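Descriptive structure summary
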Amino acid sequence: MGKLAFCGGDPVRKDPFPEWPRAGKEEKAWLEKVLSGNRWFAGLQGDDPEALGTLFGERFARLHGAKFALPVANGSVAIDVALRAGGIGTGDEVIVPAYTFISTATSVLMVGAVPVFADIEPETYCLNPLDIEHRITEKTRAIIPVHLGGQVADMASIMRVAKEHGLLVVEDCAQAINSARDGKKAGNWGKMGTFSFQSNKTVTCGEGGLIMTNDQSLAEKVTALRAFGRFGSRPGARSSDLTCERLSSNYRLSEFQAAVLLGQLERLPQEDNVRQTNAERLTKAIHQIPGLKHIRVYEPSIRHGYYYYLVRYEPASFNHADPEKLCAALNAEGIPFVPGDRQPLYRHPVFKPENLAGSLCPEVLEQIRHSKNLQNPECPVSEEACNCTLLLRHQVLLGNEKDMDDIAEAFWKVHKNIDELG
Ligand SMILES: Cc1ncc(COP(=O)(O)O)c(C=O)c1O
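Source: prediction; values computed, not measured.

Quick notes on the overall build of the protein chain
In terms of helices and strands, the protein chain carries 13 helices and 14 strands. The globule rule puts the C-alpha radius of gyration for 422 residues at 22 Å, and the 22 Å found for the protein chain is close to it. Each principal axis of the C-alpha distribution contributes one length, and for the protein chain these read about 75 × 55 × 40 Å. In the protein chain, 70% of the contacts between residues at least 6 apart in sequence involve partners at least 24 apart.

Okay, here's the thing in structure tokens:
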């Protein structure tokens, strides 16, 4: 296998992996439709029957077996709007995993509520249902499970806890387009599911988002909050009714973005198949390498969406190299691994009361000052994950069999020559 490329040897490969995002004839055809017409926005409520945004919502809902799928500007405001539609506001506590993307928790602050961090499961990196209950107080109103990397959280158990305590569940499905567990697609377990179509996602228009629900009255609230708090789409209301009932802003998606999303969605099934097949091959190879594990639960009932291919390594098997060092060695071999998150969310300075002053009302700020959870939430699994996780972006899984074999070969090479890294 030779000397590590990081130390001057020959790399395992020099060819690039597939890139993302990519557009095909599908996006171009839909975009041409928008450009050649004069409908560039989806209407006052973002729900005109002829709008491409409406059509995309219908197709996305069908793919996920849901009743309503309402496009919005991005995945962060999707959480914000969903929480407000669900009645979450000032001083309410919302349980979120400590290991996820920042806006799962900052969206809670954006509605004036307080995030409460809970730990993740080591097998899935998703919210641990056993770590929720002892964090519930009389102020707790909601839980936001995140389907990290495309692995659906243990929703049956999370829903049991939520039901027992009367809590709203909003699933953060930003990384879980077309993921499923026990025959149910992500976004259908809780009252609402939020999605992101940001540039890295498996269905993207650069920036975009969506709120999915099976509840008509929530769909009406989301529609109103998406467009300045106008309730014009309420049954019986005139669609031209511009009366604002609730404070909100403009979170609509443009028709250009919807056009790109329609094109992306048409190619998703074929791309998804390639990712699933490649992930299976890669996983078989990865699990042969001492100290390596692909993060996901292997049950036939789980359909992983493969946004990320997460790999956890046993530091002792890799000479205690940190994720940056291991990535540098793998990158030199031509494999585009990147380190997973290097700090749990609660270490971000944004959660410090002094940095929130001016953004929250004095009572909530005081609540945050006294929050033991924000000072030290005790999430050891999240802490550990920050020091032993690498990931591949989903486009790497759009390659061929040899690409997967190269990834495993590079990992073997780094494992066998780890002492060279120093
Ligand atoms: C888990 C999670 N939640 C929320 C978001 C926010 O989505 P957006 O970037 O569209 O605002 C992301 C984006 O990557 C995410 O991964």
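Focus: the packing of helix α2 (residues 52–64) against helix α7 (residues 255–286)
Relative orientation of the contacting elements α2 and α7 amounts to 35°, with a least axis distance of 8 Å. Considering the relative orientation of α2 and α7, their crossing is left-handed. Contacts between α2 and α7 pair Leu52, Gly53, Leu55, Phe56, Arg59 and Phe60 from the former with Glu255, Ala258, Ala259, Leu261, Leu262 and Leu265 from the latter. Here the contact of α2 with α7 is built from residues that sort into 9 nonpolar, 1 polar and 2 charged.

Re the domain arrangement of the protein chain
Partitioning the protein chain into domains gives domain 1 (5–20 + 267–341 + 384–421) and domain 2 (25–264). Distance between the C-alpha centres of domain 1 and domain 2: 30 Å. Listed per partner, the contact involves 20 residues of domain 1 and 24 residues of domain 2. Where the side of domain 1 that touches domain 2 is concerned, the elements lending two or more residues are α7, β11 (302–303) and β12 (308–313). Top element by residues in the side of domain 1 that touches domain 2 is α7. It accounts for 3 residues.

Some thoughts on the site of the ligand
Near the ligand you find 14 residues, and of these Gly75, Ser76, Phe101, Ala174 and Ser196 are the closest. Elements represented by at least two residues in the shell around the ligand include exactly α3 (75–85) and α4 (102–110). Partitioned by chemical class, the residues of the shell around the ligand number 3 nonpolar, 10 polar and 1 charged.

Digging into the pairing of β12
Here is the key point about a regular strand: its side chains alternate between the two faces of the sheet. Counting buried residues in β12 gives 5 out of 6 residues, a clear majority hidden from the surface. For β12 and strand β14 (residues 389–393), the ladder comprises 5 bridges, and the chain directions are antiparallel. Bridge pairing links valine 311 to leucine 390 in β14.

Comments concerning the packing of α3 against α4
At a minimum axis separation of 9 Å, α3 and α4 run at an interaxial angle of 45°. With respect to each other, α3 and α4 are oriented oblique. In the packing of α3 onto α4, the handedness of the crossing is right-handed. Residues Ser76, Ile79, Asp80 and Leu83 of α3 form the contact with α4, whose participating residues are Ser103, Thr104, Ser107, Val108 and Met110.

Re the nonpolar core
When a protein is soluble and globular, its nonpolar side chains tend to lie buried together. Core analysis: the biggest nonpolar cluster contains 121 residues, and Val72, Val81, Ala82, Ala142, Ile211 and Tyr309 have the highest contact counts within it. For this core, the element with the highest residue contribution is α7, accounting for 8 residues. A domain-level breakdown of this core finds at least three residues from each of domain 1 (5–20 + 267–341 + 384–421) and domain 2 (25–264). The residues touching isoleucine 211, leaving out its near neighbours within four places in the chain, are Leu70, Val72, Ala78, Val81, Ala82, Met192, Thr194 and Val222.

Let's talk about the sheet that holds strand β7 (residues 184–185)
Spatially, β7-β6-β11 is the arrangement adopted by the 3 strands of the open sheet, whose pairing is antiparallel. Two strands lie at the open edges of the sheet, namely β7 and β11, each paired on one side alone.

Calculation notes
Residues numbered from 1 in each chain as written. Predicted model: local features only at pLDDT ≥ 70, side-chain atom pairs only at ≥ 80, totals over all residues. Helix = DSSP H or I, 4+ residues; strand = E, 2+ residues; numbered from the N terminus. Rg over C-alpha atoms; globule rule 2.2 N^0.38 Å. Contact = placed C-beta atoms within 7 Å. Axes fitted to C-alpha atoms, helices over the stretch in contact; angles between N-to-C directions. Left-handed = near helix turned anticlockwise from the far one by under 90°. Nonpolar A, V, L, I, M, F, W, Y, C, P; charged D, E, K, R; others polar. Domains from an automatic or database assignment. Near = placed C-beta within 6 Å. Buried ≥ 20, exposed ≤ 12 C-beta atoms within 10 Å, placed from the backbone. Pairing = 2+ DSSP bridges. Parallel < 35°, antiparallel > 145°, perpendicular 65-115°, else oblique. Core = buried A, V, L, I, M, F, W, Y, C linked by C-beta atoms within 7 Å.

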